[in-house]
Amino acid sequence: MRCQRRAAEEWLRRGILLWGSLLLPGGLVAQITAPLPQITSVYPLGGQAGTTVDVIVKGTDLDGSRTLLFTPRPSPAFHVRPKRDANGLPIPGQFTVTLPPDATPGRYDIRFVGTFGVSNVRQFEVGSLREVEAAAEHFQPESPLKVALNTTVNATAKSNAPLHLLIDGKKGQRILVVCRGESLDTQLSSAGRAYDPAGREIARMQDQVIDVTPAVDGPHAIQIHDLMYRTGDTTGFRVTVTDQPLIRIAMRTSPSGKAVIYGLNLPNGKPSLKAGLERTEIDPKQLDPLLITNLLEVATLEREDVPPDASTSAVTLHVGHTYGGWFPAFGLPQTFELPLKKGQRYVIEIVSSQLGLPTDPTLFIESVKTDDTGKETASTQAEVLDLGTPSPFPMLRRPAERDPVYAYTATADGKFRLHLTDTANSVGKIRYPFELRIRDSSSQPLIATPSALALPKNDRTGVFGSSNIWRGGIVAFEVVAPYRAGFPDALMPYIAGCPPGVTCLGGFMGTRQGTGYIAFQAQDDAPASAVSLADWKGPGAEILAKVKDSNREPLRIRQTRGAVLGVVESAAPARVEIVGQQPFEVASDGKLEITLKAVRHQDFTDALKMKVLGLIDSDKAPTGDIPAKTDDGKITLDIKALKLAPGDYGCVLQGTAKLKTARGIEELALAEKAATQAGTDLTAAKKNPANADAIKKAEQAKAAADKVLADRKAKAAPKDAVFLVYSQPIRIRVIEPVKK
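Residues numbered from 1 in each chain as written. Predicted model: local features only at pLDDT ≥ 70, side-chain atom pairs only at ≥ 80, totals over all residues. Heavy atoms only, no water.

Colleague: How do you make sense of the overall build of the protein when you look at a structure like this?
Modeller: The helix and strand tally for the protein stands at four helices and 51 strands. The buried share among the 740 residues of the protein stands at 54%. Long-range contacts, defined as pairs at least 24 residues apart, comprise 73% of the intrachain contacts of the protein with a sequence gap of at least 6. Here the protein displays about 31400 Å² of accessible surface, and carbon together with sulfur accounts for 51% of that area. (Helix = DSSP H or I, 4+ residues; strand = E, 2+ residues; numbered from the N terminus. Buried < 20%, exposed > 50% of the residue type's maximum accessible area, 1.4 Å probe, protein only. Contact = heavy atoms within 4.5 Å. Areas by Shrake-Rupley, 256 points an atom, 1.4 Å probe, with all protein chains shown as cover.)

Colleague: I keep staring at the packing of aromatic side chains and nothing clicks. Help me out?
Modeller: How two aromatic rings sit relative to each other is given by the distance of their centres and the angle of their planes. Scanning all chains against the criterion turns up 14 aromatic pairs. Measuring from ring centre to ring centre gives 6.3 Å for phenylalanine 116 and tryptophan 470, while their planes differ by 20°; the resulting arrangement is stacked. Separated by 354 residues along the polypeptide, phenylalanine 116 in the loop between strand S8 (106-114) and strand S9 (117-118) and tryptophan 470 in strand S35 (residues 468-471) bring together distant segments of the chain. Of the two residues, phenylalanine 116 and tryptophan 470, neither departs from the other in class, the shared state being buried. Where tyrosine 323 meets phenylalanine 336, the ring centres are 5.2 Å apart and the plane angle is 75°; that geometry is what we call edge-to-face. Of this pair, tyrosine 323 sits in strand S27 (residues 322-326) while phenylalanine 336 sits in strand S28 (residues 334-340), and the two are 13 residues apart along the sequence. For the residue pair tyrosine 323 and phenylalanine 336, the accessibility class agrees, reading buried in each case. One aromatic cluster is present, built from ring pairs that chain together Phe70, Phe78, Tyr108 and Phe124. For the cation-ring pair, arginine 731 lies above phenylalanine 508, with the distance from its terminal atom to the ring centre recorded as 3.9 Å. (Phe/Tyr/Trp six-rings, centres within 6.5 Å; stacked < 30°, edge-to-face > 60°. Lys NZ or Arg CZ within 6 Å of the ring centre and 35° of its normal.)

Colleague: Would you explain the packing of helix H3 (residues 665-686) against helix H4 (residues 692-716) in this entry?
Modeller: How two helices pack is summed up by the angle between their axes together with the distance between the axes. Put simply, H3 and H4 touch, their axes get as near as 8 Å, and they point 160° apart. One finds that H3 runs roughly antiparallel with respect to H4. Crossing hand, H3 versus H4: left-handed. Tallied by class, residues from the contact of H3 with H4 come to 16 nonpolar, one polar and nine charged. (Axes fitted to C-alpha atoms, helices over the stretch in contact; angles between N-to-C directions. Parallel < 35°, antiparallel > 145°, perpendicular 65-115°, else oblique. Left-handed = near helix turned anticlockwise from the far one by under 90°. Nonpolar A, V, L, I, M, F, W, Y, C, P; charged D, E, K, R; others polar.)

Colleague: What's the story with the sheet that holds strand S11 (residues 130-133) in this structure? I'm lost.
Modeller: Strand order in the open sheet made by the five strands is S11-S13-S20-S15-S18, with mixed pairing throughout. Only two strands of the sheet have a single partner each, and these edge strands are S11 and strand S18 (209-212). Strand-to-strand twist in this sheet, taken as the mean axis angle between neighbours without regard to direction, amounts to 15°. Pairing analysis gives four bridges linking S11 to strand S13 (residues 151-156), with the strands arranged parallel. Counted as the bridge partner of valine 132 is valine 153 from S13. (Pairing = 2+ DSSP bridges.)

Colleague: Honestly, the environment of phenylalanine 139 in this entry has me stumped. Any pointers?
Modeller: Among the secondary structure elements, phenylalanine 139 is positioned in the loop between S11 and strand S12 (145-146). On the basis of relative accessible area, phenylalanine 139 is assigned to the buried category, the value being 2%. Expressed as a C-alpha distance, the spacing of phenylalanine 139 and lysine 158, which sit 19 residues apart in the sequence, is 7.6 Å.

Colleague: What's the story with H3 in this structure? I'm lost.
Modeller: Note: α-helices contain 3.6 residues per turn, so residues at a spacing of three or four share the same orientation. Taking 1.5 Å of rise per residue, the 22 residues of H3 would be expected to cover 32 Å, and the 32 Å separating its terminal C-alpha atoms lies within 8% of that figure. Among all positions of H3, only Glu666, Leu668, Ala671, Ala675, Ala678, Gly679, Leu682 and Ala685 are buried. Next to the buried residues of H3 lie strand S7 (90-98) and H4. (Expected span 1.5 Å × (residues − 1).)

Colleague: Quick question: what am I supposed to make of unusual backbone geometry here?
Modeller: Glycine aside, negative phi is the norm for most residues, and most peptide bonds take the trans geometry. Cis geometry is adopted by the peptide bond preceding proline 44, which originates at tyrosine 43 and carries an omega value of -5°. Locating proline 44 in the fold gives a position in the loop between strand S2 (38-43) and strand S3 (46-48). Put simply, serine 75 and proline 76 share a cis peptide bond, and its omega is 0°. Here proline 76 lies in the loop between strand S5 (67-71) and strand S6 (79-84). Positive phi, close to 50°, is recorded for aspartate 207, a residue that is not glycine. Tracing the sequence through the fold places aspartate 207 in the loop between strand S17 (201-204) and S18.

Colleague: When you look at the pattern of salt bridges in this model, what are you seeing that I'm missing?
Modeller: Pairing between side chains becomes possible if they bear opposite charge and their charged atoms approach one another. As enumerated under the stated definition, the model contains 39 salt bridges in all. Here arginine 107 ties to glutamate 125 by a salt bridge, and the two come within 3.7 Å at their closest N and O atoms. Of this pair, arginine 107 sits in strand S8 while glutamate 125 sits in strand S10 (residues 122-127); the two residues are 18 residues apart in sequence, bridging distant segments of the chain. Glutamate 125 carries the same exposure label as arginine 107, and that label is buried. The closest approach of N and O atoms between arginine 252 and aspartate 288, which form a salt bridge, is 3.0 Å. With arginine 252 in strand S21 (residues 246-253) and aspartate 288 in helix H1 (residues 287-293), this residue pair connects regions lying 36 residues apart in the sequence. Arginine 252 gets classed as partly exposed once you look at its relative accessible area, which sits at 31%. A network of salt bridges, in which partner residues are shared, links Arg107, Asp109, Glu125, Glu131, Arg180, Arg238, Glu297 and Arg561. (Salt bridge = Lys/Arg side-chain N within 4 Å of Asp/Glu carboxyl O.)

What follows is the structure in structure tokens.
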């Protein structure tokens, strides 16, 4: 059963998505060099509740280790403290994490918090089973790691050889070996095999699982490796050997009133041939605890009206209806009928691919009219494939969302006939589930996400954005409404629960805008912090790794658990304020001149070129200027050239600025301590002139420490860094031109 989330598609969940943008003015992409914590690896990728785990975070700009931020906020809280050296200084990127005995099992987003704010996201898994660590020797066949049942192994691919495990198999006992690598944000694409005591291969890994039922008692060998035999810190993984159930799909209710689960090794599970899994029904109250402790993420739907092995007929729908079913095999259609009432708004939503299922739904809609004799005439209303790209073009290089949505306001009484198919699985008998929802507006919640990419439309690179705001500055997050057709009204995103010293300036998205912005401003004395923006309940998205060309290598983007915002205790180069009463009113054939005022850092005097984001694709967006050594500037918007129809619109301005910034202060302090200690040791050694060897070693140690210190001083010297500069949000009201 291929339920593993598609890493390239998990960025998009439901509703409005919020991204920290990274677009440069003038359509030219320069490198943003301002300090930004970026995690490349976390080890281990999890721990057992009730234990203390030493967590090592590697990456760049990890200065001033303060804490690790977990989302959703753990309850009870995890106790996190930086590890310190003998001199009491924090060791960069190393933490001690104490997990309470009653910590809620499951996956958490984990981020580094330091001098330069909060980092990009990775995952950390809290489990209830015993945990062990694989060593380098366990990648040799002659020294396998012996693993007891219901144990989790933490490992990193240390060589291109497989990890060798040995389990004590009992005849007829079903054992699942579950490997999580790529699904925990690493680069390891897991592969593996199981061998019986005679060395015969008896099972291979499918969708992160090796399903083994020994035919004889005795030691059974397990081999785990990356599919491409990659190695290094970015190939961490967790392997659990268990006899517990593994759920892949769940429905919260069914016609029997029971919850339904599909998976492997289920109690009282019966094979469902068309789903390729076992099926069983349970008390709905038991479902959430099972989902929390499940080793893999579960595609969870609200209901199952018809199981996959049952035949189906046409279903009549109505507003407020949610139907849960299974796509017919071989790409055949499932048919629905939707009566229409004049003036009623209908939003038809399909939910399947966004749950991580390997589906590609197509919705074909016919308008059916009946004459006085009862004869029906059907005509094509719409064929809805993937969602269209929001307008203007979003800054994140996202793949198409595969779940269709269609919005319609009935102009007369009538009927729609819906035909739903899964074009991704038109060959073969395996079927996958879906939900079909009928609403009068989108049922998808508003969703805030952290930082992401924003580049010119023809760019194919993938780089990290920033979820951080510097003192006195403004940061703007991109808001994408992929289900915009389901929201008939203007959207005004706003967050109340900001960090201390930070104010949400809000944002605005008109009915014709599928992409917009929300901005935050920090006071000049805002304290350093990093918080989860709890006002936004839904998931978000982040890029997991830098990519030079997404046409050549996949752009890995993952759904995240909410959005975060960090505050840096250093001043931003500048912010741009908008002068005048908003909304600014202008005719659709006119021009709008907006006055800008720069609030500058005392060391930043350069000119600012500010580009409009949110009204048109970035390649065509107009720019405005604030000359060097002045605070006043302007931008002129040609409304006719922008092709803005009458209505309300929101946007922000974005530019770049250089300011000297120091990095590596923490490493410099460690080097100074080491050099001082080396000098003390040399002085002590010279007090005994007869011990020439000790003096020589001390001199060598002093020379090495001085070399490191000189290198650290050079790296810590302030250097020019390129920052993003944002304006306050702008709201524009376009009116009909004056009739002559």
